[in-house]
Every structure is written in C-alpha cells, then in structure tokens.
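Notes for the structure review
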Amino acid sequence: MKLILLGAPGAGKGTVAKLLTKMDGSVQISTGDILRAAVAAGTELGKQAEAAMKAGDLVSDDLIMGIMGERLKEDDCKAGYLLDGFPRTIPQAEALKVLMKDIGEELDMVVDIQVARDVILDRLTTRRTCTDCGEIYNVKSNPPKEEGKCDKCGGPVVQRDDETEEAIGNRLDVFNEQTAPLVGFYEKEGNLVSVDATTSQSVIDAITARLDANK
Ligand code: AMP
C-alpha cells in the first residue's frame, strides 16, 4: 500500500506505520528518523537540519524534497510505503504530487489521524525513543523492560531533544500553521480518510476497511 499518515506530533503515525509494515511489507519512511540519523552521524544534511529540529521548527522544503526524491526511487519502495511525517507543508505536498506522477505511482489514501491536544501533550512529554532503532516507548504505559535500554536492540532509550515542553509547544503551533492545511489539500484530491484515533488498532481497522472497499 502507498499511504500518507497525517497527524500532529504524537498522534501515533510512527506506531501505526510500524503495525502496517507487518501487514504487507510496505516500508515506513519517516523523514524525522532520516534526519535524526543524519544528525547523529554528523553528516552535512544533519548539520543543516539540526538547529531547526531542536527548536521544533521545520527544516526547509528543498532539503526534504532532496531526501524524498531519492528515497522514493529506492528498490524497497516497490512493495509500497507509509509516509510518516511527510509531507508537512503545502509546497511539499505539491512537489510530492509531481514526483509521484513522474515515477508513475498513485497514493491509495491519505490518513488523517486525529487526537485531542491534551492527549498529545501528555503522550509527547512521556514518550521515550530508542536512538538506535527508533522503537517508541512511554514511561507510563509502555516502558522498556530495563530502564533506558531498548527491548528490541539494546540501544539507549531517551527523551528526544525536541520533546522539552517548549519545543513541543512550538511543534504543535508549527503543525497547526503549516501542516494542518494539508487536510484541505487532500480532501480536494479526493483521497482523504479521517480517523478519530482512540487507539492505534482503531486506525489500522479504518485503513484496512477502506483498502478492502477500494479493491
Ligand atoms: P518527527 O519525528 O516527524 O516529529 O520530525 C522531527 C523533526 O524533524 C521535525 O520537528 C522537523 O524539524 C523535522 N522534519 C521531519 N519531517 C519533516 C518534513 N517533512 N518537513 C520539514 N521538517 C521535517
């Protein structure tokens, strides 16, 4: 399947994407994960993205389209992809439309994962992430078995730099200003599915029901 997962930071895009990859071999493509890996490796890309990321601002559309233009042409994308955290602005959505036309592909749907702001704030402040494999934990509801150590790969499980209260507030404002308008964009394109995301499973159920209906 080829999906865009839209939704505020902390809406559960990454968790849903990871569950979907197990269904049909589609790959999860998270621009946030790609950028964090670049920052950790100290590459040129990482250096260009680091300050904006730390403040909870967006990195430039050009930088993101440079990454995605290459990434979507890789072989593992042939089985399908779940775009997690991309596109995040109208110019990125426009550029993606052109890119997909060029490579002769169409999206199955765009899923808007809706979660109340208070739930998101609580989730983000309690979220912890493995810096090696990206596995997501929560100090209250899903802590790693051994504190600070990933159950899956043994890597360090930490609070992200951009999950301080100040950066979270900024990320939510940036989302409302720059990313929320994508809902209207994809509504016009005719492939938007809005899901009230009480649990990740309810999102998966809504997606599979729509995929079945489209068959
Ligand atoms: P995420 O893990 O998706 O929350 O992304 C973490 C940070 O990476 C964001 O707060 C942005 O600074 C940057 N980022 C990730 N994806 C994008 C994108 N599509 N456009 C611009 N900045 C992005």
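Scroll up to find the structure.
About the thresholds
- Residues numbered from 1 in each chain as written.
- Predicted model: local features only at pLDDT ≥ 70, side-chain atom pairs only at ≥ 80, totals over all residues.
- Heavy atoms only, no water.
- Pairing = 2+ DSSP bridges.
- Helix = DSSP H or I, 4+ residues; strand = E, 2+ residues; numbered from the N terminus.
- Axes fitted to C-alpha atoms, helices over the stretch in contact; angles between N-to-C directions.
- Core = buried A, V, L, I, M, F, W, Y, C linked by side-chain atoms within 4.5 Å.
- Buried < 20%, exposed > 50% of the residue type's maximum accessible area, 1.4 Å probe, protein only.
- Arc of directions from axis to C-beta.
- Contact = heavy atoms within 4.5 Å.
- Near = heavy atom within 4 Å.
- Polar contact = N/O pair within 3.5 Å; in protein donor to acceptor, adjacent residues only side chain to side chain.
- Areas by Shrake-Rupley, 256 points an atom, 1.4 Å probe, with all protein chains shown as cover.
- Nonpolar A, V, L, I, M, F, W, Y, C, P; charged D, E, K, R; others polar.

**Side note on the sheet that holds strand 3 (residues 81–84)**
The five strands are arranged 2-3-1-4-8 in an open sheet whose pairing can be described as parallel. The open sheet is flanked by strand 2 (27–30) and strand 8 (192–196), the only strands paired with a single partner. For this sheet, the mean angle separating the axes of adjacent strands, direction not counted, is 20 degrees. Alignment of strand 1 (residues 2–6) against strand 3, held across four bridges, turns out to be parallel. Looking at strand 3, one finds that Leu-5 is bridged to Asp-84.

**Looking at the nonpolar core**
Among the nonpolar cores identified, the biggest contains 29 residues, and Leu-72, Leu-83, Leu-96 and Tyr-186 are the most heavily contacted of them. Here this core gets five residues from one element, more than from any other, and that element is helix 4 (residues 61–71). In terms of nonpolar packing, the next biggest core, distinct from the first, is built from 25 residues, Ala-17, Met-109, Leu-172 and Ala-197 among them.

**With respect to helix 3 (residues 44–55)**
Considered for burial, the residues of helix 3 that qualify are Gly-46, Ala-49, Ala-52 and Met-53. Each buried residue of helix 3 lies within a common arc of 140 degrees when the element is viewed along its axis, so the set occupies one face. Counted as exposed and oriented over 90 degrees from the buried face of helix 3: Glu-44, Lys-47, Ala-51 and Lys-54. On its buried face, helix 3 sits against helix 2 (31–41) and helix 4. Once helix 3 ends, the next one or two residues include Gly-56, with phi positive near 85 degrees.

**Here's the deal with the environment of Ala-180**
Mapped onto the elements of the fold, Ala-180 is located in the loop between helix 7 (165–179) and helix 8 (182–189). Between the C-alpha atom of Ala-180 and that of Ile-90, which follows or precedes it by 90 residues, the distance is 9.5 Å.

**So, the site of the ligand**
The local shell around the ligand holds 16 residues, among which Thr-31, Arg-36, Asp-57, Arg-88 and Gln-92 are the closest. Between a nitrogen atom of the ligand and a main-chain N or O atom of Gly-85, the distance comes to 3.0 Å. Within the side chain of Gln-92, an N or O atom sits 2.9 Å from a nitrogen atom of the ligand. About the coverage of the ligand: the protein hides 96% of its 480 Å² of free accessible area. Class assignment of the residues belonging to the shell around the ligand gives a composition of six nonpolar, four polar and six charged.

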